[in-house]
Amino acid sequence: MTEPEPDSTIRVLLVDDQELFRRGVKMVLEAEGGLDVDEADDGDKAVASVEAYPPDVVLLDVRLPGRSGVEICAAIKAVSPSTAIIMLTASDEEQDLYQSIKSGASGYLLKDGSTYDQVAEAVRLGASGQSLITPSMATKLLDEFVTMTKSPGAGAQLTARELQVLRHVATGQSNREIAEDLFISENTVKNHIRNLLEKLQMKSRMEAAMYAVRSNLLD
């Protein structure tokens, strides 16, 4: 028997201290259809909102008053690990990018370099379990990871299936695509990803993907 389709509406939380920016993004995203957008103007309100009703995707400004977006990213991941976080920023600083990924972000977009359509597409990709960054940021992120020292043989801690899932994650596949390729359920894929992230002491699938590339696990 075919299981019923779950509610296809994607819940989005938009966190930014600029009201006009929030209202503009909310209006455009909801006009897309299938996206339900809530707002928060600071990090503490965002974390409280996520605790009360976890969204599928959080659009989070890196520069927030008080606690930084990077700190809020980590706090959100602590209370809702399954929520995808996409950082929005006017800054293209490598350290901001790296710290966001380390804190669990699965995507990163420039406010001035991304169209509303691209933001909407990023939300859908994030909700499906994929990662998204701009091409220029991908290069810088790889450079950051090359300079990082990881414990040798970390991949050996993973089971054969976890390594298999990690290789698929590193190619940019969504949970559904991985499940179809490996003939397992999406929930099983999610469990494998959660386990391998814990073993590798990482917070995001993007960080794990970069680790896989750097460690030549795709060969």
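Trainee: Is there a simple way to think about unusual backbone geometry in this case?
Mentor: Most of the time, phi is negative for any residue but glycine, and the peptide bond is trans. You will see that F183, though not glycine, has its phi angle at about 60 degrees, which is positive. For F183, the position within the fold is in the loop between α8 (175-182) and α9 (186-200). Exposure remark for F183: the relative accessible area of 77% places this residue in the exposed category. Residue Q201 is not a glycine yet carries a positive backbone phi of 60 degrees. Along the chain, the position of Q201 falls in the loop between α9 and α10 (205-214). We classify Q201 as exposed; its relative accessible area is 70%.

Trainee: I'm lost on the packing of aromatic side chains in this one. Help?
Mentor: Each aromatic ring pair is specified by the distance between its two centres and by the angle formed by the two planes. Counted under the stated rule, the structure contains zero aromatic pairs. One cation-aromatic arrangement involves R11 over Y53; the distance from NZ or CZ to the ring centre is 3.6 Å. In this structure, K111 is placed above the aromatic ring of F21, and the distance from its NZ or CZ to the ring centre is 4.5 Å.

Calculation notes
- Residues numbered from 1 in each chain as written.
- Predicted model: local features only at pLDDT ≥ 70, side-chain atom pairs only at ≥ 80, totals over all residues.
- Heavy atoms only, no water.
- Helix = DSSP H or I, 4+ residues; strand = E, 2+ residues; numbered from the N terminus.
- Buried < 20%, exposed > 50% of the residue type's maximum accessible area, 1.4 Å probe, protein only.
- Phe/Tyr/Trp six-rings, centres within 6.5 Å; stacked < 30°, edge-to-face > 60°.
- Lys NZ or Arg CZ within 6 Å of the ring centre and 35° of its normal.

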